[in-house]
Structure formats: structure tokens, C-alpha cells
Amino acid sequence: MRLIILGAPGSGKGSQCKWITRDYDVPHISTGDILRKNIADGTELGMEAKSYMDKGALVPDELVVNILKARISEPDCKEKGFLLDGFPRTIAQAQTLDAFLTAEGVSIDKVINLEVPDEEIMSRAINRRTCENPDCKEIYNLRDNPPKVEGVCDKCGSKLFQRKDDNEETVKNRLEVYHAQTEPLIAYYSEKGLVATVIGQERLEDTIALVKEILK
Ligand SMILES: [Zn+2]
């Protein structure tokens, strides 16, 4: 199964990716994670990306695409497919991906469009707390899904913290960029008949049930 998940930052894409990866045994490919892994492994592409990041510059599109192509070409993705999260971000990236997949003789099966109103994303962001344990990274929400003990992770007992970028101004900026750059992808993939839109529900289980319906 080859999937793309689209959704504004804070729409809860990460939570969906977790269970889809587990239940459907499909590799989860997050651009941010692959970049970090390439840098940690010291690959050629990773070192090139790092040289930009060290300067505080954005990693160029072409480099991100190359890193992604390399990942998709690995045996697990060839065998099981993939779930793309955070890529493509722009029409240009989507076109590059299409060309690459066509050359490989494969195609995208479904694009899950996770829709959540901006006001809801804002409220979630302000209430979000994350486990500081890098092996756990469990996410809580003080409004909908609070930890049993305030400030402590239910799963591993580590401390919870609020991410610096979960403030009103940063969230607003992230949403603006998403609407301008990434939202056009919904029309792009709709034309190909691939988009299934899911309205993000208040309870995670309810959203999961809707996505399950789509992936049937
Ligand atoms: Zn934890």
C-alpha cells in the first residue's frame, strides 16, 4: 500500500501514522525523520543537508527529494509500500514524486486528507504536552487526553514539556504556510481521484475509525 497523508501541522497526522504503520505493516516515512537519520548515519546526502542546516538555511527541495527517493528505493518500501508524511509539501514536489514512481512502475493508492479547523488546531497546540524521553515521545493534550499525573508521562514516567513552537504566533504562521503551499495538493490529487478526506474528530479513536473505513 502506497499512501500519502496530508494535513495541516497539528491536525494529528502523527497519531494516525502511528497506528497505520502498525496495523498495516507499512513503513512510515517522515521527511524530518529521514533527514535526521541521514545526518546521524553520516550519509553523503545527510552531510550535504547538514551543511545547510548548520548555516540555519532551509534544506533545498532537490536534496530533500533525493533523500526521499533513496528511502523509497529501500527493500522494505519496495515490498510493503510506504506512508508518506510531510512529503510532498508543494505541487513541484508532487510532480517530481509522480515522475519517480512512474519510472519505478508503481503509483500512489490513496491520499488521506486529514481536515481539522484552524481554531481547533490552535487550541490543541496550546494544550499539547510531549514526553521528554526521546525513546517515548508520547503526546498528551491537557484538554482531551491529560496524563494521569500532572506533568508525568503515563507510559514511561518521564517529565512532560511544552514545545517552544506550540505558541499562538508560530502556529498561525505554520497554518498560513500550509494553506498557501500544501493545500493545492488536495486539488492536484483529487484530479487523479486519489483523495479521501477525513474530518478530524475530537476523540482520536473516532478519527481512526474513519480512516479505517477509507483504507478498507
Ligand atoms: Zn514517556
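Going by the structure above, here's the rest.
These lines cover the structure that appears in this document, whether it is placed above or below. What you see is a predicted model, and the numbers here were worked out from it, not measured in a lab.

All chains considered together, the criterion is met by 24 salt bridges. The closest approach of N and O atoms between lysine 18 and glutamate 138, which form a salt bridge, is 3.7 Å. Taken as a pair, lysine 18 in helix α1 (residues 13-24) and glutamate 138 in the loop between β5 (128-131) and β6 (139-141) lie far apart in primary sequence, 120 residues in all. For arginine 143, the salt bridge identified is with aspartate 144, shortest N-O distance 2.7 Å. Given a relative accessible area of 35%, arginine 143 falls into the partly exposed group. Judged by relative accessible area, which is 36%, aspartate 144 ranks as partly exposed. It is possible to trace a salt-bridge network through shared partners that takes in Arg128, Arg163, Asp165, Asp166 and Arg174.

Of the residues examined, glutamate 138 reaches a relative accessible area of 17% and is grouped as buried. For glutamate 138, the side chain forms a polar contact with the side chain of lysine 155, separated by 3.3 Å. Not counting residues within four places of it along the chain, the set of residues in contact with glutamate 138 comprises Lys18, Arg129, Thr130, Cys131, Cys153 and Lys155.

The next point concerns the coordination of the zinc ion. The protein atoms that coordinate the zinc ion are Cys131 (SG), Cys136 (SG), Cys153 (SG) and Cys156 (SG), at distances spanning 2.3 Å. Here the zinc ion is ringed by 4 donor atoms whose angles at the metal span 97 to 114°, and the overall shape comes out tetrahedral. Read from N- to C-terminus, the donor residues coordinating the zinc ion fall into the pattern C-x4-C-x16-C-x2-C. Taken as a pair, cysteine 131 in strand β5 and cysteine 156 in the loop between β6 and β7 (160-161) lie far apart in primary sequence, 25 residues in all. Look at cysteine 131 and you get buried, because its relative accessible area is 2%.

What counts as what
- Residues numbered from 1 in each chain as written.
- Predicted model: local features only at pLDDT ≥ 70, side-chain atom pairs only at ≥ 80, totals over all residues.
- Heavy atoms only, no water.
- Salt bridge = Lys/Arg side-chain N within 4 Å of Asp/Glu carboxyl O.
- Helix = DSSP H or I, 4+ residues; strand = E, 2+ residues; numbered from the N terminus.
- Buried < 20%, exposed > 50% of the residue type's maximum accessible area, 1.4 Å probe, protein only.
- Polar contact = N/O pair within 3.5 Å; in protein donor to acceptor, adjacent residues only side chain to side chain.
- Contact = heavy atoms within 4.5 Å.
- Donors = N, O, S within 2.8 Å, 3.2 Å for Na, K, Ca; no water.
- Tetrahedral: all angles 85-135°; square planar, octahedral: opposite > 155°, others 65-115°.

The quantities given are spatial measurements derived from coordinates; they are silent on function.
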